[in-house]
Amino acid sequence: MSTLTASEARANFYRLMDQAAQSHEPIFISGKRSNSVLVAQEDWAAIQETLYLLVVPGMRESIKAGMAEPVDSCKTELDW
């Protein structure tokens, strides 16, 4: 994760937005009063979706079970 001061981030804000979107890596910004992390909107949405799914009872186990199932044993709409 890249680390920049708030002044450095301010001077390069649009470049940093592009970098975060292209690399999918967060950028740590340190300031005098507080610190922040810059992430691309697409990555933030994925994080939010993951957090939501993890609070649904039984979802984690269901995902793990699905991942363990061989793809060729899954039914498709055409199999119905």
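Anyway, here's the lowdown on the structure attached to this text. (Residues numbered from 1 in each chain as written. Predicted model: local features only at pLDDT ≥ 70, side-chain atom pairs only at ≥ 80, totals over all residues. Heavy atoms only, no water.)

## Some points on the overall build of the protein chain
Right, on to step 1. In terms of regular secondary structure, the protein chain is built from 4 helices and 3 strands.
Right, on to step 2. For 80 residues, the compact-globule estimate of 2.2 N^0.38 gives 12 Å, and the C-alpha radius of gyration of the protein chain, at 19 Å, exceeds that figure by more than 25%.
Right, on to step 3. Projected onto its principal axes, the C-alpha positions of the protein chain cover 60 × 25 × 15 Å.
Right, on to step 4. Burial status across the protein chain gives 11% buried among its 80 residues.
Right, on to step 5. Each charge sign in the protein chain was given a centre, from 7 positive and 11 negative side chains, and these centres are 16 Å apart. (Helix = DSSP H or I, 4+ residues; strand = E, 2+ residues; numbered from the N terminus. Rg over C-alpha atoms; globule rule 2.2 N^0.38 Å. Buried < 20%, exposed > 50% of the residue type's maximum accessible area, 1.4 Å probe, protein only. Lys, Arg positive; Asp, Glu negative; His and termini not counted. Charge placed at Lys NZ, Arg CZ, Asp CG, Glu CD.)

## Regarding the sheet that holds strand S2 (residues 27-30)
Right, on to step 1. In spatial order, the strands read S1-S2-S3; together these 3 strands make up an open sheet with mixed pairing. At either margin of the open sheet sits one strand with a lone partner, and together these are strand S1 (2-5) and strand S3 (35-38). Here the average twist between neighbouring strands, direction ignored, is 25°.
Right, on to step 2. Sheet topology note: the S2/S3 ladder contains 4 bridges and is antiparallel. Bridged to Ser 30 within S3 is Asn 35. (Pairing = 2+ DSSP bridges. Axes fitted to C-alpha atoms, helices over the stretch in contact; angles between N-to-C directions.)

## Let's talk about the side chain of Asp 43
Right, on to step 1. With respect to the secondary-structure elements, Asp 43 resides in helix H3 (residues 41-55).
Right, on to step 2. In contact with Asp 43, other than residues within four places in its own chain, are Ala 20 and His 24. (Contact = heavy atoms within 4.5 Å.)

## A closer look at the pairing of S2
Right, on to step 1. Burial along S2 is one-sided: the face carrying Ile 27 and Ile 29 is buried and the face carrying Phe 28 and Ser 30 is not.
Right, on to step 2. Alignment of S1 against S2, held across 4 bridges, turns out to be parallel. In the strand pairing of S2, Thr 5 is matched with Ser 30.
Right, on to step 3. Hairpin remark: S2 followed by S3, antiparallel, with 4 residues in the connecting loop.

## Quick word on a nonpolar patch on the surface
Right, on to step 1. Together, Phe 13, Tyr 14 and Met 17 make up an exposed nonpolar region whose accessible area comes to about 350 Å².
Right, on to step 2. Residue position: Met 17 is located in helix H2 (residues 13-23).
Right, on to step 3. The class of Met 17 is partly exposed, set by a relative accessible area of 37%. (Patch = residues over 30% accessible without salt bridge, like charges linked within 9 Å, V, L, I, M, F, W, Y side chains within 5 Å. Areas by Shrake-Rupley, 256 points an atom, 1.4 Å probe, with all protein chains shown as cover. Salt bridge = Lys/Arg side-chain N within 4 Å of Asp/Glu carboxyl O.)

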